Amino acid sequence: MTKLGVVVVSHVPEIAAGVVKLMREVAKDVAITFSGGTDENEIGTSFEKIQAAFEENEGETILAFYDLGSAKMNLEMVMELTEKEVRLYDTAFIESSYTAVALIQAGADLAAIEEQLAPLKIK
Amino acid sequence: MNVEAVKKWMILFTEKVNQNKAYLSELDRAIGDGDHGMNMARGTTEVMAALEAKNPATVADVFKLTGMTLVSKVGGASGPLYGSAFISMAKEAGTTDSLLAILQAGLNGIEKRGQAVPGEKTMIDTWQPVIKALAAGNLSEQTIADAVAHTKEIKATKGRASYLGERSIGHLDPGAVSSGYLFETMLEAGVTND
Ligand SMILES: Nc1ncnc2c1ncn2[C@@H]1O[C@H](COP(=O)(O)OP(=O)(O)OP(=O)(O)O)[C@@H](O)[C@H]1O
Ligand SMILES: [Mg+2]
């Protein structure tokens, strides 16, 4: 089974860090990296920060979650360049990233995780 | 297509964006988060610095450097959108000299990136009528002004303004306005379909 990792992308540095804090409580051993805000830590998203979050993540297959629509555009730009296998979910940001890491920590495989994520699709 | 004219185009666009930075942000404040002027000013200013430092020799290289710089420096939706436009234009410019084909490739890049179509109150509502007029041989400043003004009447269904629903009607789309500057300065710089 390939090692799964999670990347979360938020427009706000504190939201990204906060979601990771929430996830860490149930997923001590999961590869989690994040990108929050712009290069200047203003509200927005940064292509370079997202790229770094992918590169630094120890997962071979990355499950990616984002807050607002424009984060998705930057995520997709990075996905076109990265070597890693990336799965991008249009799901409720906090619920779905939390669900994914809890299941990875519990040893679930990708198919089982995606089954749980499906009803969380909102966009 | 003349590389000097294209460089002049990028310079004039940067100047226009910077002169109207506050206005673009004010438009974005009404239906978005108020950063479009800042985003575009930061991005285009970085483009100027990159063009000066690297002095690209071909039209394709000018567009490519512009696109890559916008992607990494803008920080809002307009970064990946304008970035994708210029990167697609660079690819097209590598095989053709036709301004029409190049701009069409740019529009395709925006549509692919943002999954929007004409009529959703985005920059596409400037690009699409401009390209149509260019194809018909009657692109003018008036075409551009009319396209931009029309975004006031439509409801946003893509981007941040879409969260406002009906309340987005009655406001110009900031990205459509900045794209208006792009095409006005294209005419000023003498970049034409010849
Ligand atoms: N899906 C889309 N397709 C085409 N154009 C879009 C789309 N979403 C937004 N835009 C354009 O982008 C402009 C807003 O750009 P801006 O630089 O303000 O980014 P933003 O929406 O604030 O980004 P973010 O949400 O990441 O902060 C809009 O006025 C619109 O023209
Ligand atoms: Mg904005």
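Just above, that's the structure.
Notes on the structure follow. It should be emphasised that the depicted structure is a prediction, and the values quoted were computed from it without experimental measurement. (Residues numbered from 1 in each chain as written. Chains lettered and ligands numbered in written order. Predicted model: local features only at pLDDT ≥ 70, side-chain atom pairs only at ≥ 80, totals over all residues. Heavy atoms only, no water.)

**Some remarks on the overall build of chain B**
And step 1. Counting secondary structure elements, chain B contains nine helices and zero strands.
And step 2. Taken over 194 residues, chain B has a buried fraction of 57%.
And step 3. In chain B, the proportion of contacts linking residues at least 24 apart, taken out of those at least 6 apart, comes to 67%.
And step 4. Split by element, the accessible area of chain B, about 8100 Å² in all, is 52% carbon and sulfur.
And step 5. Side chains of chain B give 19 positive and 22 negative charges; the mean places of these two sets differ by 6 Å. (Helix = DSSP H or I, 4+ residues; strand = E, 2+ residues; numbered from the N terminus. Buried < 20%, exposed > 50% of the residue type's maximum accessible area, 1.4 Å probe, protein only. Contact = heavy atoms within 4.5 Å. Areas by Shrake-Rupley, 256 points an atom, 1.4 Å probe, with all protein chains shown as cover. Lys, Arg positive; Asp, Glu negative; His and termini not counted. Charge placed at Lys NZ, Arg CZ, Asp CG, Glu CD.)

**Some remarks on the sheet that holds strand β3 (residues 61-66) of chain A**
Residue and element names in this part refer to chain A.
And step 1. An order of β2-β1-β3-β4 is seen for the four strands of this open sheet, with the pairing classed as parallel. At either end of the open sheet lies a strand with only one pairing partner, and these are β2 (31-36) and β4 (85-88). Strand after strand, the sheet turns through a mean of 25° between neighbouring axes, direction not considered.
And step 2. Pairing geometry for strand β1 (residues 4-10) and β3, over six bridges, is parallel. (Pairing = 2+ DSSP bridges. Axes fitted to C-alpha atoms, helices over the stretch in contact; angles between N-to-C directions.)

**As for the layout of surface pockets**
And step 1. There is about 960 Å³ of room inside the largest pocket.
And step 2. The wall of the largest pocket is formed by 44 residues, among which Met73 of chain A together with Ala77, Lys158, Gly159 and Arg160 of chain B lie closest to the centre.
And step 3. Sorting the residues of the lining of the largest pocket by element identifies α3 (69-79) of chain A together with α2 (21-31), α3 (36-54), α5 (78-93), α6 (99-114) and α9 (174-188) of chain B as the ones contributing at least two each.
And step 4. A per-element tally of the lining of the largest pocket places α3 of chain A first, with five residues.
And step 5. Tallied by class, the residues present in the lining of the largest pocket amount to 14 nonpolar, 17 polar and 13 charged.
And step 6. As a volume, the second largest pocket reaches approximately 350 Å³.
And step 7. If you go around the second largest pocket, you meet 16 residues; those closest to its centre are Met77 and Glu80 of chain A together with Ile87, Lys91 and Arg113 of chain B.
And step 8. When residues of the lining of the second largest pocket are traced back to their parent elements, those giving at least two are α2 (47-56) of chain A together with α4 (59-73), α5 and α6 of chain B.
And step 9. If you tally residues by element for the lining of the second largest pocket, the top one is α5 of chain B, at four residues.
And step 10. Residue composition of the lining of the second largest pocket, by class: six nonpolar, five polar and five charged. (1 Å grid on protein atoms, 1.4 Å probe; cavity = no way out; pocket = protein on both sides within 12 Å on 5 of 7 lines; lining within 4 Å. Points joined across faces, edges and corners; volume = space filled by probe spheres on them. Nonpolar A, V, L, I, M, F, W, Y, C, P; charged D, E, K, R; others polar.)

**Some thoughts on the site of ligand 1**
And step 1. Taken together, the neighbourhood of ligand 1 is formed by 23 residues, with His11 and Ser70 of chain A together with Ser78, Arg160 and Asp173 of chain B sitting nearest.
And step 2. In this structure, ligand 1 sits where chains A and B come together, each supplying nearby residues.
And step 3. Separating an oxygen atom of ligand 1 from a side-chain N or O atom of Asp33 of chain B is a distance of 2.8 Å.
And step 4. At a separation of 2.6 Å, an oxygen atom of ligand 1 approaches a polar side-chain atom of Asp173 of chain B.
And step 5. Relative to its free-state accessible area of 640 Å², ligand 1 is covered by the protein chains to the extent of 96%.
And step 6. Those elements that place two or more of their residues in the shell around ligand 1 are α3 of chain A together with α3, α5 and α9 of chain B.
And step 7. If you tally residues by element for the shell around ligand 1, the top one is α9 of chain B, at three residues.
And step 8. Across the shell around ligand 1, the residue classes tally to seven nonpolar, ten polar and six charged. (Near = heavy atom within 4 Å. Polar contact = N/O pair within 3.5 Å; in protein donor to acceptor, adjacent residues only side chain to side chain.)

**Remarks on the coordination of the magnesium ion (ligand 2)**
All names here are of chain B.
And step 1. Donor atoms from the polypeptide that coordinate the magnesium ion (ligand 2) comprise Asp28 (OD), Asp33 (OD) and Asp35 (OD), at 2.0 to 2.2 Å from the metal.
And step 2. Mapped onto the sequence, the residues coordinating the magnesium ion (ligand 2) show the spacing D-x4-D-x1-D.
And step 3. Relative accessible area serves as the criterion here: at 8%, Asp28 is assigned to the buried category. (Donors = N, O, S within 2.8 Å, 3.2 Å for Na, K, Ca; no water.)

Shape is all these values report; function is a separate question.
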